[in-house]
Amino acid sequence: MRWSTGIILFVNVDDEVHKLVCKALAASDYIILHTTTAQEALSVLSRLNSTVDLVVIDLELPDAADLGIFGLLTTPEHRNASKIIAKMCRQDKSSLEKIFCLGVDAIRPKSTSAEQLVGTVQAVLSAGQKWLCSGEGV
């Protein structure tokens, strides 16, 4: 059995997506936290004093545009997330490779529906491999 904190952190300005994901994952034992900025996310992670199971982050938040927040999440001395799902508009090969090299576990396009995102969350939490998710399905 794998050790788990039971915490998922969503970093996204879209409160509606957060609500839909919370509703879809309500039957799980996960505590789902939500922040709207990268700096809020870092603050929450530093106060938790533990590694969360998953961070789902919109890489196109105004304060995450330089990927500095993402670098802090993925460097070994600051790794506060066991797994990371990144949401982004850019889907070109060089952008995707750059993000995967930072240690992300899955990439979803920003146009992903709440249902698709829930599927990705469930797949990433239950799998040890990396996912590139584009279009329909996981």
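Computed from a predicted model, the values in this text were never measured in an experiment. Every chain's residues receive numbers from 1 upward, in the order its sequence appears when written. Per-residue local features of the predicted model are confined to residues with pLDDT of at least 70, and side-chain atom pairs are confined, for both listing and counting, to 80 or more; whole-chain, interface and lining totals are unaffected and use all residues. Think of the side-chain values as coming from all heavy atoms in the structure, minus any hydrogens and water.

The next point concerns helix α1 (residues 15-24). The α-helix advances 3.6 residues per turn, and as a result positions three or four apart in sequence lie on the same side. Relative accessibility decides the category of a residue: with a 1.4 Å probe and only protein chains considered, values under 20% of the type maximum give buried, values over 50% give exposed, and everything between is partly exposed. Secondary structure elements are taken from DSSP: a helix is a run of H or I of four residues or more, a strand is a run of E of two residues or more, and numbering for both begins at the N terminus. Inspection of α1 places Val17, His18 and Val21 among the buried residues, and these make up the whole buried set. In an axial view of α1, the angular spread of the buried residues amounts to 100°, which keeps them on one side of the axis. Residue contacts are counted whenever heavy atoms from the two residues lie within 4.5 Å of one another. Buried residues along α1 sit against β1 (7-11), β2 (31-35), β4 (81-88) and α5 (114-126). Think of it as the arc spanned by the lines of direction from the helix axis to the C-beta atoms.

Below, the discussion takes up the environment of Thr112. Within the element layout of this structure, Thr112 appears in the loop between β5 (106-109) and α5. Thr112 sits 23 residues away from Cys89 along the chain, and the two C-alpha atoms are 10.0 Å apart. A polar side-chain atom of Thr112 sits 3.2 Å from a polar atom in the side chain of Arg108. Polar contacts, as counted here, are pairs of nitrogen or oxygen atoms within 3.5 Å of one another; within protein the pair requires one atom able to donate a hydrogen and one able to accept it, and residues that are adjacent in sequence qualify only if both atoms are side-chain atoms.

Let us now look at the nonpolar core. Among the buried residues, those of types Ala, Val, Leu, Ile, Met, Phe, Trp, Tyr and Cys that are joined through side-chain atoms within 4.5 Å form a nonpolar core. With 18 residues, the main nonpolar core has Val11, Val55 and Ile99 as its most contacted residues. Among the elements of the structure, β1, α2 (38-48), β3 (52-58), β4 and α4 (93-101) are those that each provide at least two residues to this core. The element contributing the most residues to this core is β4, with four residues. Excluding residues within four positions of it along the chain, Val11 makes contact with Thr35, Thr37, Ala38, Ala41, Val55, Val56, Ile57, Asp58 and Leu61. The next biggest cluster of nonpolar side chains, apart from the first, holds 15 residues, and it includes Ile8, Phe10, Leu25 and Val121.

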